[in-house]
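The chain contents come next:
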Amino acid sequence: MPFFPSLEDSAGPGEVFTSRPELYRHWSQMSQTLMNGPSELTPGERELIAGFVAGLVPCEYAYVAHSEAAYAWDIEEGLIERLVADPSHASAEARLRPLLDFVRKLTVAPDTLAETDARAVLDAGWTECALHDAIAVTARMHFMSRLIFGHGFIPMSRERAKRNAAARREKGYVGLYPALAGDENEG
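Before going into details, it helps to say that this report is about the structure given with it. Note that the coordinates shown come from a computational prediction; the quantities given were computed from them, not determined experimentally.

Here is what the cut-offs are and how they apply
- Residues numbered from 1 in each chain as written.
- Predicted model: local features only at pLDDT ≥ 70, side-chain atom pairs only at ≥ 80, totals over all residues.
- Heavy atoms only, no water.
- Helix = DSSP H or I, 4+ residues; strand = E, 2+ residues; numbered from the N terminus.
- Buried < 20%, exposed > 50% of the residue type's maximum accessible area, 1.4 Å probe, protein only.
- Contact = heavy atoms within 4.5 Å.
- Core = buried A, V, L, I, M, F, W, Y, C linked by side-chain atoms within 4.5 Å.
- Expected span 1.5 Å × (residues − 1).
- Salt bridge = Lys/Arg side-chain N within 4 Å of Asp/Glu carboxyl O.
- Phe/Tyr/Trp six-rings, centres within 6.5 Å; stacked < 30°, edge-to-face > 60°.
- Lys NZ or Arg CZ within 6 Å of the ring centre and 35° of its normal.
- Axes fitted to C-alpha atoms, helices over the stretch in contact; angles between N-to-C directions.
- Parallel < 35°, antiparallel > 145°, perpendicular 65-115°, else oblique.
- Left-handed = near helix turned anticlockwise from the far one by under 90°.
- Nonpolar A, V, L, I, M, F, W, Y, C, P; charged D, E, K, R; others polar.

**Looking at the overall build of the chain**
Assigned secondary structure in the chain consists of 9 helices and 0 strands. What you see in the chain, going N to C, is helices and strands ordered as α-α-α-α-α-α-α-α-α. In terms of overall dimensions, the chain has C-alpha extents of about 45 × 35 × 30 Å along its principal axes. Here the chain holds 187 residues, and the buried ones make up 45% of them. Counted over contacts in the chain with a minimum sequence separation of 6, partners at least 24 positions apart contribute 70%.

This is the structure:
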């Protein structure tokens, strides 16, 4: 049961966002741009990173939600679970490996990151913008996991996550919550 008595057992971040649109409208708009806007990384790759980070944290709620979102964007089913279990043996595309290694280190041992980690990503053919986007997705997932843990949200089922992922792919991050799509000058 969530820690806030006003929240239903099935509540999640969306309920927090819509209860405070003056605060979370901007967060949702940033999330939409970060996760679905222009980037060298596809929306599926960004969701893969989100699910991977959530699995490493570990935040089961976000892990299930973003894994299913990645699969809705045609990322190979089960890849994120394999990456979390053993990143060195998962069947991720070779070009993604240095980027995922960077993300993993940023998540589990950020104080050990070095220029060589960034250089490996760039040497694999990614641009600085792609690396920035991966860092931003990682940072977003750390914020979201703390929001989830802080409110005591109960992880959703894979079935619910699949339905939510299909809706997120169709409507985007802001479109899921009409209260957040309003005029920025409101509230």
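**Here we look at the nonpolar core**
Counting 51 residues, the largest nonpolar core has L48, I49, L83, L99 and L100 as its most contacted members. Ranked by the residues each element gives to this core, the list is headed by helix α8 (residues 128-151), at 8 residues. Residues in contact with L100, not counting those within four places in the same chain, are L48, I49, F52, L83 and A92.

**As for helix α3 (residues 43-56)**
With 14 residues, α3 should reach 20 Å at 1.5 Å per residue; the first-to-last C-alpha distance of 20 Å fits that figure. In terms of burial, α3 is a largely internal element, 14 of the 14 residues being buried.

**A short note on the pattern of salt bridges**
Counting across every chain of the model gives 8 salt bridges. Residue E22 is joined to R20 by a salt bridge in which the shortest nitrogen-to-oxygen separation is 2.7 Å. Close ionic contact of R169 with D74 constitutes a salt bridge, the shortest N to O distance being 3.9 Å. Remark: D74 occurs in the loop between α4 (60-72) and α5 (79-85) and R169 occurs in helix α9 (residues 158-175); sequence separation between them is 95 residues. Taking the relative accessible area as the measure of exposure, R169 reaches 36% and is therefore partly exposed. Among the ionic contacts, a cluster of salt bridges with common partners joins E68, E81 and R158.

**Some details on the side chain of E47**
Positionally, E47 belongs in helix α3. Residues contacting E47, with those up to four places away along its chain left out, are M35, H66, A69, A70, W73, I80, R168 and Y173.

**Quick look at the packing of aromatic side chains**
This model, assessed by the stated rule, comprises 4 aromatic pairs. Centre to centre, the rings of W27 and F143 are 4.1 Å apart; their planes meet at 40°, and the pair counts as tilted. Linking W27 in helix α2 (residues 21-36) with F143 in helix α8, this pair joins segments that are 116 residues apart in sequence. Given a relative accessible area of 18%, W27 falls into the buried group. Among the aromatic residues, those joined into a cluster by ring pairs are F17, Y24 and Y177. The residue whose ring lies beneath R95 is W126, and the NZ or CZ to ring-centre distance is 3.8 Å. The positively charged end of R169 is found above the aromatic ring belonging to W73, 4.2 Å away from the centroid.

**A short note on the packing of α3 against α4**
Following both chains from N to C, one finds α3 and α4 inclined at 160°, their axes separated by 8 Å at the closest point. The pairing of α3 with α4 is recorded here as roughly antiparallel in orientation. The handedness of the crossing between α3 and α4 is left-handed. Between α3 and α4, the contacting residues are G44, E47, L48, A50, G51, A54 and G55 on the first element and A62, Y63, H66, S67, A69 and A70 on the second. Grouping the constituent residues of the contact of α3 with α4 by class yields 7 nonpolar, 5 polar and 1 charged.

Keep in mind these values describe shape, not function.
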